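# Structural features, examined
Letter by letter, the chains look like this.
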Amino acid sequence: MKTGILIVIEQRGGEVKRASLEAIAAGLGVAEKLGGGVSAVVIGNDIAATAATLSGTGVEKIYTVEGTHLEAYSTEGWCKAATAAAEASDAGILMVGATTLGRDLAPALAAALEAGYASDCTGLDVENGNLFVTRPVYAGKANARVTCTADILVVGTRPNVFPANVQNDGTGTIESLAADAAEIRAQVTGIAAATKGTKDVSEADAIVAGGRGVGSAEGFAVLEKLAEVLDAAVGASRAVVDLGWRPHSDQVGQTGKVVAPTLYIACGVSGAIQHLAGMRTSKVIVAINKDATAPIFKVADYGIEGDLHEVVPALTEALQTVMQQG
Amino acid sequence: MNVIACIARVPDTATRIRIAADEKTIASDGVQYVINPYDEIALEEAVGFRDAHGGSLIVLHVGAEDFQKDLRQCLAKGADQAIHLKTDGPLGPSGVAEILAAEIQPFLPATIFCGKQSVDGDVGGTGTMLAYRLDLPVVSKISTFEVTGDTATCTREIEGGVETVTTSLPAVLTCEKGLNEPRRAGLKDIMAAKKKPLEVKDAQAPTTKLVLESLQLPPERPEGRIVGEGVEAVPILVDLLTNEAKVIQQ
């Protein structure tokens, strides 16, 4: 396998996504052991300034592929642009942050390059000159360790797993590549930001999640207040989503989102296996439940047995007091 | 235009995963295998699309194990025909896409619905790789889908928002939960499905590009503790979160 590494950068409105910086850091770590160089490719329109921000991150070369047809994201346009950079850099490993965009682009790239594809990886190690990738399967109920037999491997790095500290004194050089016209049949034609004040569970550092024990859609008001104090997102169990109390975008678990916040407060969540799979790698887990035998208490660091409609407002008030003291 | 729905077989999400002695597969005894939940959504969308725009709806499944009962369910839910492409050995998304693409060729032009990922490998690559092989546009992870003429407008959730993606048809669409509510088959439909064509064919498993070295359970979380009952326990919890876990900044 070729040892060069190419990081495909995700930028929105010229701003490099944190997940891309994490991918750079992960790539630099692998390159140190494999002995190859790390380059990056920035795709879009009018992105010279964006590319320049990457010159001090430790990457040797920053390719830019620019064109008006690359302004809005499209799988086809970006895949063709990234493929051009893969060929120019002669990389054996392509890395991309496994965000929604990354998870859309990476399999297309793997198909175009006839490469292997290891998505959403959480660990990268090198043994005897071979790269081994660890990735969760069954929503994290197990971890698979895989290696690639193709000439090229496309790796998606799970967000918030690899550190994003990539500052160094290096000066990467910028090289512009021609953007060949691509046939674009499917393209992003609009983006609407989520309602102000609502946080996405996949990006939040703290999550207050509710299960069937919350009792009703209106019952989530007490969780929302706690979330506001903690600057947290509100999450939900599958039961709650299936009952129509919360949108699917809030669902944590095997058919929802896999999350790993610093603090996860499960309120009235019994702890079905598919839910536990989606949040078990959270740093600190708190469970509030009437039923002391609920499985959620098995994974919770701290539990309170009691009625969430009494405990949660009291907790909100107590935390507010503590945090205001500071 | 034909309509295709691709269906994978996965352990039910309620399954407690245990690793088999080979340390490469899961222990399958006692595991209930079902249609991948996202593929149920893909099938429902495909049925609706076929009902609105005509054509024949073909369900395709690639895999080693018997899946007749579930494929009959797909026929009961509205598919016109089912084909099981029987292989042995692990495939991964690129292998599944290769087998599917070859089988789909004679049915083109076709709009193809897949789940956004299967809940075993969690890769989310098959639909996109299939689109590449068939030279079709692809929209992944769709939450809404509206057709006007030969154009479809889809939305998908992204971090902190929702984006709209417009595509020409035919296309490959990979489906997210929330897109629709999959139907249950009625008794009459189940009876009718018995007469619909269900074919099992042998397919050649392509060489895999990824090799699985090992499968392991994640480390157990340390045993937690119940710190108290009711509102009286709140000050104890706040103290622990602040001073022991140090996740609350004073």
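Here is what the cut-offs are and how they apply
Residues numbered from 1 in each chain as written. Chains lettered and ligands numbered in written order. Predicted model: local features only at pLDDT ≥ 70, side-chain atom pairs only at ≥ 80, totals over all residues. Helix = DSSP H or I, 4+ residues; strand = E, 2+ residues; numbered from the N terminus. Rg over C-alpha atoms; globule rule 2.2 N^0.38 Å. Buried ≥ 20, exposed ≤ 12 C-beta atoms within 10 Å, placed from the backbone. Contact = placed C-beta atoms within 7 Å. Pairing = 2+ DSSP bridges. Axes fitted to C-alpha atoms, helices over the stretch in contact; angles between N-to-C directions. Domains from an automatic or database assignment. Nonpolar A, V, L, I, M, F, W, Y, C, P; charged D, E, K, R; others polar. Parallel < 35°, antiparallel > 145°, perpendicular 65-115°, else oblique. Left-handed = near helix turned anticlockwise from the far one by under 90°.

## Notes on the overall build of chain A
Secondary structure summary: chain A contains nine helices and 18 strands in total. Since a compact globule built from 326 residues should have a radius of gyration of about 20 Å, the 22 Å found for chain A is in line with a globular shape. Based on the C-alpha atoms only, the size of chain A along its principal axes is roughly 60 × 45 × 40 Å. Sorting the 326 residues of chain A into buried and exposed places 58% on the buried side. For chain A, restricting intrachain contacts to residue pairs at least 6 apart in sequence, the fraction spanning at least 24 positions comes to 66%.

## Let's talk about the overall build of chain B
The number of helices and strands found in chain B is six helices and 14 strands. Out of the 250 residues belonging to chain B, those deemed buried represent 47%. Long-range pairs, those at least 24 residues apart, make up 70% of the contacts in chain B between residues at least 6 apart in sequence.

## Section: the interface of chain A and chain B
It is common to give the size of an interface as the accessible area that goes away when the parts come together. The partner chain B presents 71 residues to the 78 residues of chain A that form the contact. Looking at which element gives the most residues to the side of chain A that touches chain B, the answer is helix H9 (residues 308–325) of chain A, with nine residues. Sheet analysis places strand E10 (residues 142–148) of chain A next to strand E13 (residues 210–216) of chain B, joined by six bridges and oriented antiparallel. Following the sheet pairing, Asn 143 of chain A is matched in E13 of chain B by Gln 216 of chain B.

## Notes on the sheet that holds strand E8 (residues 144–148) of chain B
Spatially, four strands are ordered E13(A)-E10(B)-E9(B)-E8(B) in an open sheet, and the strand pairing comes out antiparallel. Single-partner strands in this sheet number two, and they are strand E13 (186–193) of chain A together with E8 of chain B. Averaged over all pairs of adjacent strands, the angle between their axes in this sheet comes to 20 degrees, without regard to strand direction.

## Examining the sheet that holds strand E1 (residues 2–7) of chain B
Residue and element names in this part refer to chain B. Reading across the sheet, the seven strands line up as E7-E11-E6-E1-E4-E5-E12 and stay open at both edges, with parallel pairing between neighbours. At either margin of the open sheet sits one strand with a lone partner, and together these are strand E7 (138–142) and strand E12 (198–202). Recorded for the sheet is a direction-independent mean angle of 20 degrees between the axes of neighbouring strands. Bridging between strand E4 (residues 57–63) and strand E5 (residues 81–86) involves six bridges; their strand directions are parallel. Each bridged residue has a counterpart across the sheet, and for Val 62 the counterpart in E5 is Leu 85.

## Considerations on the pairing of strand E6 (residues 110–115) of chain B
All names here are of chain B. For E6, the buried fraction is high: six of the six residues fall into the buried class. With four bridges connecting them, E6 and strand E11 (residues 172–175) associate as parallel partners. Bridged to Cys 114 within E11 is Thr 174.

## Observations regarding the pairing of strand E5 (residues 61–66) of chain A
Residue and element names in this part refer to chain A. Counting buried positions along E5 gives six out of six residues, so the element sits mostly inside the fold. Residues of E5 alternate between two faces, with Lys 61, Tyr 63 and Val 65 on one and Ile 62, Thr 64 and Glu 66 on the opposite face, all of them buried. The pairing of strand E4 (residues 38–44) with E5 spans six bridges and is parallel. The partner of Val 41 across the bridge, within E5, is Tyr 63. Pairing of E5 with strand E12 (residues 173–177), which is carried by five bridges, proceeds in the parallel orientation. Within the sheet, the bridge partner assigned to Ile 62 lies in E12 and is Ile 174.

## Side note on helix H4 (residues 126–134) of chain B
Across the nine residues of H4 of chain B, eight count as buried, placing the element largely inside the fold. Looking at H4 of chain B, one finds that the buried residues are Thr 126, Gly 127, Thr 128, Met 129, Leu 130, Ala 131, Tyr 132 and Leu 134 of chain B. Check the buried side of H4 of chain B and you find it contacts helix H4 (100–112) of chain A together with E1, helix H3 (92–104), E6, E7 and E11 of chain B.

## Quick word on helix H2 (residues 68–76) of chain B
All names here are of chain B. Those residues of H2 that sit buried are Leu 71, Gln 73, Cys 74, Leu 75 and Ala 76. Taken together, the buried residues of H2 touch E1, helix H1 (37–53), E4, E5, helix H5 (187–193) and E12. Looking one or two residues beyond H2, the residue adopting positive phi is Gly 78, at roughly 135 degrees.

## Details of the environment of Arg 135 of chain A
Residues and elements named next belong to chain A. Inspection of the secondary structure assignment puts Arg 135 in strand E9 (residues 130–137). Taking the C-alpha atoms as reference points, Arg 135 and Cys 121, separated by 14 residues in sequence, lie 4.3 Å from one another. What Arg 135 contacts, discounting residues up to four positions off in sequence, is Ala 118, Ser 119, Asp 120, Cys 121, Thr 122, Ala 144 and Val 146.

## Considering unusual backbone geometry
Residue Pro 109 of chain B is reached from Leu 108 of chain B by a cis peptide bond, and omega for that bond is 0 degrees. Position of Pro 109 of chain B relative to the elements: it lies in the loop between H3 and E6. Backbone geometry at Asp 46 of chain A places phi at a positive 60 degrees, although glycine is not the residue there. Turning to its location among the elements, Asp 46 of chain A is positioned in the loop between E4 and helix H2 (48–52). Given 12 C-beta atoms within 10 Å, Asp 46 of chain A falls into the exposed group. Even without a glycine there, the phi angle at Asn 128 of chain A is positive, about 50 degrees.

## A short note on the domain arrangement of chain A
Residue and element names in this part refer to chain A. Taken domain by domain, chain A holds domain 1 (5–177) and domain 2 (206–325). Taking only C-alpha atoms into account, the centre of domain 1 sits 34 Å from that of domain 2. Taken together, the five residues of domain 1 in the interface contact eight residues of domain 2. Grouping the amino acids of the side of domain 1 that touches domain 2 by side-chain chemistry returns two nonpolar, two polar and one charged.

## So, the packing of H4 of chain A against H4 of chain B
The geometry of H4 of chain A relative to H4 of chain B is characterised by a closest axis approach of 8 Å and an angle of 40 degrees between their N-to-C directions. Classified by the interaxial angle, the pair formed by H4 of chain A and H4 of chain B is oblique. H4 of chain B is crossed by H4 of chain A, and the crossing has right-handed handedness. Taking contact as the criterion, the partners of Pro 107, Ala 108, Ala 111 and Ala 112 of chain A in H4 of chain A are, on H4 of chain B, Thr 128, Met 129, Tyr 132 and Arg 133 of chain B. Residues that form the contact of H4 of chain A with H4 of chain B fall into these classes: six nonpolar, one polar and one charged.

## Description of the environment of Gly 37 of chain A
Residue and element names in this part refer to chain A. Structurally, the position occupied by Gly 37 is in the loop between helix H1 (18–34) and E4. C-alpha of Gly 37 to C-alpha of Ser 89: the two residues are 52 residues apart in sequence and 9.5 Å apart in space. Apart from residues no more than four positions distant in its own chain, Gly 37 is found in contact with Gly 4, Ala 31 and Glu 60.

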